[in-house]
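Inside the fold
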Amino acid sequence: MTAHEISEFLAPIRHEFPDQRSLILPALRFAQEEQGWLPQGAMAAVAEATGYSQAYVESVASFYDRLYTEPVGRRVISVCTTLSCMLRGSDELLAHVAANIGTDGEGTSADGMFTLQRAECLGACDRAPCLQVDSNDQQGPLTHDAADALIGALRADGAPTRYDR
């Protein structure tokens, strides 16, 4: 990902952002689309394309939970662990999913297929306990059997062809 490619991506949407700092977020998401995460080179390209320092761009990237500054699996599973979900078994669900994908808790499976993480709130308290796959697929309420079926379907489906979190 180059600064030129990012600049070309931003050109048609610049007018939508009166505060040019706001361009950093779509630029980071665009840069992340290539590899599924944001290596230093990608953040440097975003900094160059937007005219902000790399340190500032990195501070934005590290703030958002759907921007990854470390490599992640091809699918990211976020288990909501806030109060509503916790009271309905999210800690047990997290442990069950971890065992199913082969991690000791949060982290990436050895095969690189899944990254498991906690989420502070998925906004689905009425469907507790819930999880989200990538950034577009919320599931809940989930039993352990339903979680197993979901993970089985994700394994069979394979990786997304484009970054779609």
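Below is a summary of the structure that appears in this document.

**Focus on the nonpolar core**
A general tendency of soluble globular proteins is for nonpolar side chains to be buried together. Grouped together as the largest cluster of nonpolar side chains are 20 residues, with contacts concentrated most on Ile6, Leu28, Leu38, Val46 and Val57. Considering every element that reaches this core, the biggest residue donor is helix α3 (residues 40-50), with six residues. Each residue touching Leu38, except ones within four places of it in the same chain, is listed here: Leu28, Ala31, Gln32, Met43, Ala61, Leu67, Tyr68 and Thr69. One finds Val79, Leu116, Leu131 and Val133 within the second-largest nonpolar core, a separate group that totals 17 residues.

**Here we look at the environment of Leu87**
By secondary structure assignment, the location of Leu87 is in helix α5 (residues 83-87). Classification of Leu87 by relative accessible area gives exposed; the value is 65%. The sequence separation of Leu87 and Glu106 amounts to 19 residues, and the corresponding C-alpha distance is 20 Å.

**Section: the pairing of strand β1 (residues 75-80)**
Most of β1 is tucked away, with six of its six residues classed as buried. The alternating pattern of β1 places Arg75, Ile77 and Val79 on one face and Val76, Ser78 and Cys80 on the opposite face, and all of these are buried. With six bridges joining them, β1 and strand β3 (residues 114-119) adopt parallel strand pairing. Within β3, the residue paired with Val76 across the bridge is Thr115. Looking at chain direction, β1 and strand β4 (residues 131-133) are connected through three bridges and run antiparallel. Each residue of the ladder has a partner; that of Ile77, found in β4, is Val133.

**Here we look at the pattern of salt bridges**
The full count for this structure, using the stated rule, is five salt bridges. Residue Asp134 pairs with Arg75 through a salt bridge whose shortest N-O separation is 2.7 Å. Here Arg75 lies in strand β1 and Asp134 lies in the loop between β4 and β5 (137-139), a separation of 59 residues in the sequence. Comparing Asp134 with Arg75, the two get one shared label, buried. Between Asp91 and Arg118 there is a salt bridge, with the nearest N and O atoms lying 3.8 Å from each other. Separated by 27 residues along the polypeptide, Asp91 in helix α6 (residues 90-101) and Arg118 in strand β3 bring together distant segments of the chain.

How each quantity is defined
- Residues numbered from 1 in each chain as written.
- Predicted model: local features only at pLDDT ≥ 70, side-chain atom pairs only at ≥ 80, totals over all residues.
- Heavy atoms only, no water.
- Core = buried A, V, L, I, M, F, W, Y, C linked by side-chain atoms within 4.5 Å.
- Buried < 20%, exposed > 50% of the residue type's maximum accessible area, 1.4 Å probe, protein only.
- Helix = DSSP H or I, 4+ residues; strand = E, 2+ residues; numbered from the N terminus.
- Contact = heavy atoms within 4.5 Å.
- Pairing = 2+ DSSP bridges.
- Salt bridge = Lys/Arg side-chain N within 4 Å of Asp/Glu carboxyl O.

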